[in-house]
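Read off the chains here:
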Amino acid sequence: MDSDLFSGRRAERFAQLLDEANGGRRHHVRSRADGELTALVEVGRRLTVERPTVDVDPEFRVGLRAMLVATVEREGVTAGAGIRAALLPAITGRRARARGAILVGVAAGAIALSGISAASENALPGDALYGMKRSTERAQLALANSDISRGQLFLDFARTRLDEAASVRHDRLGFSAVLDDMDADTRQGVRLLTTVAAQRSDPTALDAVDTFLAGQRRVVSGLLDRPDHADRDRTRRSLALLDAAGRRADALREAIACGLPAPAASDTLGPAPSTCPGDR
């Protein structure tokens, strides 16, 4: 599918969802992107309800304004829009409303999120801003434009969960829950990146996996010194997952190097390659 066309449809659907969330008329349609776009709408709703009292850096305001002006000019919402309106009167109004809603949403969201980022980036499970922190992460995933970007984001989130786990003290259930989320992010990120590598027969996407595993193993191993036996056992399960991800990445590199086709079998870590003929 043409990426510009797909992006345009996503933009129009996002504008519809924003409109509905703000009390506008319901559009009796659905799209495959609704799940991702709903996360963005939820971020906007929470920003409206919670309205954090933060100061926005004046330089950020100037930069954002310049970005929006450039976007308006590039998209032709000013003079160019009039020319297109004469040629395409039936659809220009709808697209203009969609673009307008998105530009307003981007402006308001970017200004608010710039302050929320500073306030919530260090939030831990149970903190007031932790839900906003996770909502912002979901919005980042929804905005990612490729599986490689999404995979790298998931691995970044796994690093964040690890930082949170290291800060959770005297809370066995909380520690285990954060590691559960960390492992889920690890699986998602590794699966996306290994799938891209297998589909393209190109190991480049695996470099991000290798870099992630090298740093993550070292920090996770540091959690083994926790005094609670259950915490140490739970940490070992996360280490086992990292080891499995490393073996999967190595096996895919070998399969790509010896020219094997993309594996048909797959699991939570992505494609499961066969052994190269010379290694049997």
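Owing to the predicted nature of the structure, the values given are computational and were not obtained by experimental measurement. (Residues numbered from 1 in each chain as written. Predicted model: local features only at pLDDT ≥ 70, side-chain atom pairs only at ≥ 80, totals over all residues. Heavy atoms only, no water.)

### Some words on the overall build of the protein chain
Then, in step 1: When helices and strands are counted, the protein chain shows ten helices and two strands.
Then, in step 2: Ordered by position from the N terminus, the helices and strands of the protein chain form the series α-α-α-α-α-α-α-α-α-α-β-β.
Then, in step 3: Contacts in the protein chain between residues far apart in sequence, at least 24 positions, make up 63% of those at least 6 positions apart.
Then, in step 4: Total accessible area computed for the protein chain in this model is approximately 16100 Å², and 54% of it derives from carbon and sulfur atoms. (Helix = DSSP H or I, 4+ residues; strand = E, 2+ residues; numbered from the N terminus. Contact = heavy atoms within 4.5 Å. Areas by Shrake-Rupley, 256 points an atom, 1.4 Å probe, with all protein chains shown as cover.)

### A closer look at the state of the cysteines
Then, in step 1: Counted by the stated rule, this structure contains one disulfide.
Then, in step 2: Between the sulfur atoms of C258 and its disulfide partner C276 the distance amounts to 2.1 Å. Disulfide C258 to C276: torsion about the S-S bond roughly -80°, handedness left-handed. Highlighted residues: C258 in the loop between α10 (229–257) and β1 (266–267) and C276 in the segment after β2 (270–271), separated in sequence by 18 residues.
Then, in step 3: A relative accessible area of 7% places C276 in the buried class. (Disulfide = S-S within 2.5 Å. Buried < 20%, exposed > 50% of the residue type's maximum accessible area, 1.4 Å probe, protein only.)

### Some thoughts on the environment of L143
Then, in step 1: Structurally, the position occupied by L143 is in helix α6 (residues 130–143).
Then, in step 2: The spatial distance from the C-alpha of L143 to the C-alpha of L40 is 8.5 Å, given a sequence separation of 103 residues.

### Considerations on the packing of helix α9 (residues 204–221) against α10
Then, in step 1: Here α9 crosses α10 at 155°, and the two axes come no closer than 10 Å. One element, α9, and the other, α10, form an angle in the roughly antiparallel class. For the pair α9 and α10, the sense of crossing is left-handed. The segment α9 lies against α10, with L206, D207, V209, D210, F212, L213, Q216, R217, V220 and S221 engaging T235, S238, L239, L242, D243, A245, G246, A249, L252 and R253.
Then, in step 2: For the contact of α9 with α10, the class distribution of residues is ten nonpolar, five polar and five charged. (Axes fitted to C-alpha atoms, helices over the stretch in contact; angles between N-to-C directions. Parallel < 35°, antiparallel > 145°, perpendicular 65-115°, else oblique. Left-handed = near helix turned anticlockwise from the far one by under 90°. Nonpolar A, V, L, I, M, F, W, Y, C, P; charged D, E, K, R; others polar.)

### Overview of the side chain of D183
Then, in step 1: Structurally, D183 can be placed in helix α8 (residues 172–200).
Then, in step 2: Of note is the side chain of D183, whose polar atom sits 2.9 Å from the side chain of R234.
Then, in step 3: Residues within four places of D183 in sequence aside, it is in contact with R234, S238 and L241. (Polar contact = N/O pair within 3.5 Å; in protein donor to acceptor, adjacent residues only side chain to side chain.)

### Here's the deal with empty space enclosed by the protein
Then, in step 1: Enumeration according to the criterion identifies one cavity of 30 Å³ or more in this entry.
Then, in step 2: Taken as a whole, the largest cavity spans an internal volume of roughly 40 Å³.
Then, in step 3: Along its surface, the largest cavity is lined by A198, S201, L252, A255, I256, L260, P261, A262 and P263.
Then, in step 4: When residues of the lining of the largest cavity are assigned to their parent elements, the largest contribution, three residues, is made by α10. (1 Å grid on protein atoms, 1.4 Å probe; cavity = no way out; pocket = protein on both sides within 12 Å on 5 of 7 lines; lining within 4 Å. Points joined across faces, edges and corners; volume = space filled by probe spheres on them.)

### Points about the side chain of D185
Then, in step 1: Looking at where D185 falls in the secondary structure, it is placed in helix α8.
Then, in step 2: By relative accessible area, which is 8% here, D185 ends up buried.

Nothing here speaks to function; it is all geometry.
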